[in-house]
Amino acid sequence: MKVVYQRPSYGIKSAFRDPVTGRKRRHTLFRIINLLLLQISGLLKLNYCLGYPAYLNIEPTNHCNLTCPFCASGWGSGKRQKGSMPLALFKKAIDEISRFTYKVSLYNLGEPFLHNDIFEMINYASKKNISVSLATNGILLDQPRMIRLLDSGCEDLIFSLDAATSETYGKLRQGGDFQKLKENIAYLLRLRSQAGKLIPKVAANFIVTRENESEMADFQKLGESLGVDICSFSLLWKQDLGDSLHEKQTRELLPVSRPEFNRYQNAAARKKSCAWAWKKAVINWDGNVVACCYDYNSLEVMGNIYAEPFKSIWNNRKFRRLRRVVKQDRRDSLLCSQCPSL
């Protein structure tokens, strides 16, 4: 079992293998050229990006079946309308990005398995030679869904556990069932083994908070006992961009005894560059394109793929201004000025 901490190192090897999963990149000549153009654009901090994003988050839905205290969607404190992306719109997006995009993560806010067409989405992207990643709370994964998942082409499946005990899980994943989740993970891995399949790679994820920071070692043992491929630890980000009382309460969940897992610790010393502006983007369920996943309330919408092609949005006036702000003074952007990775 591999143990992964957020912000893995990206050296020369990452050009050939994903630094988290170790999986080989899906190179084509066009994608390699596009990657080089992205690297040049990022290094030179060009306002007009010469390449197109190699990675995208596409949100199937922002509905959720849990009410987690650190999530704007589940807690009900988000300001975006709830909905699900039509399959036709998803296919339109995939058709536009498939030449240059290596990987699509089918999540932002919400639970992907609440979308009726989630397996068709995975399969469609996979057939376009795009690697597909999914993050789930795992509660809705019954046997029929597991069988369809194993045949869908999904390469990476991330289960959100965030705890090593039922008590802690109940505080952080409200509405979930810790025992059922563990059983679902173990059963999926058995089905994968019986089918002789190697994918999806299964990761158990742990967002480090004040409630669970004492359980990190036990969580790793739990991952080993379940037989997951990867145990990953990630950082909590407090959701107060929407100026909501519920969102500001997430500050109380920031870890104390493990300050290295507090993304706001010594924030002034963090790098001020941002790869998202040149390499990544998010397409929400309603077609709105935002620059990064921290913009969960769509405060700065770059464009909408209903109205125009993604390529046109990627270098429009708003995106060019954002890149200029990122390299000059991030305080000029409501989103970037409060970014936890500042």
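Residues numbered from 1 in each chain as written. Predicted model: local features only at pLDDT ≥ 70, side-chain atom pairs only at ≥ 80, totals over all residues. Heavy atoms only, no water.

(A) Spatial organisation of the overall build of the chain. When helices and strands are tallied, the chain shows 13 helices and ten strands. For the chain, the residues scored as buried account for 54% of the 342 residues in total. Contacts in the chain between residues far apart in sequence, at least 24 positions, make up 69% of those at least 6 positions apart. Of the roughly 15300 Å² of accessible surface on the chain, a fraction of 53% belongs to carbon and sulfur atoms. (Helix = DSSP H or I, 4+ residues; strand = E, 2+ residues; numbered from the N terminus. Buried < 20%, exposed > 50% of the residue type's maximum accessible area, 1.4 Å probe, protein only. Contact = heavy atoms within 4.5 Å. Areas by Shrake-Rupley, 256 points an atom, 1.4 Å probe, with all protein chains shown as cover.)

(B) Here's a closer look at the nonpolar core. In this structure, Leu106, Leu161 and Phe310 are the most contacted members of the largest nonpolar core, which totals 89 residues. Those residues in contact with Phe310, other than ones at most four positions away along the chain, are Pro53, Leu56, Glu96, Ile97, Phe100, Ala281, Ile283, Val289 and Ile305. (Core = buried A, V, L, I, M, F, W, Y, C linked by side-chain atoms within 4.5 Å.)

(C) Spotlight on a positive patch on the surface. A surface patch of positive charge is lined by Arg317, Lys318, Arg320, Arg321, Arg324 and Lys327. With respect to the helices and strands, the residue Lys318 is situated in helix H12 (residues 317-328). (Patch = residues over 30% accessible without salt bridge, like charges linked within 9 Å, V, L, I, M, F, W, Y side chains within 5 Å. Salt bridge = Lys/Arg side-chain N within 4 Å of Asp/Glu carboxyl O. Lys, Arg positive; Asp, Glu negative; His and termini not counted. Charge placed at Lys NZ, Arg CZ, Asp CG, Glu CD.)

(D) How the structure looks around the pairing of strand E6 (residues 201-208). Along E6, seven of the eight residues are buried, which leaves the element largely enclosed by surrounding structure. With five bridges connecting them, strand E5 (residues 156-160) and E6 associate as parallel partners. Looking at the pairing, Phe159 lines up with Ala204 of E6. As paired elements, E6 and strand E7 (residues 230-235) share six bridges and run parallel to each other. Within the sheet, the bridge partner assigned to Ala204 lies in E7 and is Cys231. The parallel pair E6 and E7 is bridged by helix H8 (residues 216-226), and the resulting crossover is right-handed. (Pairing = 2+ DSSP bridges. Right-handed = clockwise from strand over helix to strand, strands pointing away.)

(E) Region of the structure containing the packing of aromatic side chains. Counted according to the given criterion, the structure contains eight aromatic pairs. Arranged with centres 5.7 Å apart and planes meeting at 75°, the rings of Phe219 and Phe233 form a pair that is edge-to-face. One end of the pair, Phe219, is in helix H8; the other, Phe233, is in strand E7, with 14 residues separating them in the sequence. You'll find Phe219 and Phe233 in the same group, each marked buried. Three or more aromatic residues link up through ring pairs in this structure, and these residues are Phe206, Phe219 and Phe233. Residue placement shows Lys280 over the ring face of Trp276; its charged tip is 5.2 Å from the ring centre. A cation over a ring is seen here: Arg323 above Trp314, with NZ or CZ 4.6 Å from the ring centre. (Phe/Tyr/Trp six-rings, centres within 6.5 Å; stacked < 30°, edge-to-face > 60°. Lys NZ or Arg CZ within 6 Å of the ring centre and 35° of its normal.)

(F) Up close: the packing of helix H5 (residues 143-150) against helix H7 (residues 178-194). In the contact formed by H5 and H7, the axes pass within 10 Å of each other and the chain directions differ by 45°. Compared by their axis directions, H5 and H7 come out oblique. In the packing of H5 onto H7, the handedness of the crossing is right-handed. Within the contact between the two elements, H5 uses Gln143, Met146, Leu149 and Leu150 and H7 uses Asn184, Tyr187, Leu188, Leu191 and Arg192. Of the residues belonging to the contact of H5 with H7, the class tally is six nonpolar, two polar and one charged. (Axes fitted to C-alpha atoms, helices over the stretch in contact; angles between N-to-C directions. Parallel < 35°, antiparallel > 145°, perpendicular 65-115°, else oblique. Left-handed = near helix turned anticlockwise from the far one by under 90°. Nonpolar A, V, L, I, M, F, W, Y, C, P; charged D, E, K, R; others polar.)

(G) Highlighting the environment of Pro112. Of note, Pro112 is situated in the loop between strand E3 (103-105) and helix H4 (118-127). When the C-alpha positions of Pro112 and Asn137 are compared, they lie 9.1 Å apart, and in sequence the two are 25 residues distant.

(H) Spotlight on the pattern of salt bridges. Scanning the entire structure with this criterion turns up ten salt bridges. Glu120 is the salt-bridge partner of Arg148, the closest N and O atoms lying 3.3 Å from each other. In this pair, Arg148 sits in helix H5 while Glu120 sits in helix H4, placing the two residues 28 residues apart along the sequence. Taking the relative accessible area as the measure of exposure, Glu120 reaches 31% and is therefore partly exposed. In this structure, Lys171 engages Glu211 in a salt bridge whose closest nitrogen and oxygen atoms are separated by 3.6 Å. Taken together, the residues Lys171 in helix H6 (residues 166-172) and Glu211 in the loop between E6 and H8 connect sequence positions 40 residues apart. When its relative accessible area of 39% is taken as the criterion, Lys171 is described as partly exposed. In this structure Glu211 comes out as partly exposed when scored by relative accessible area, which is 35%.

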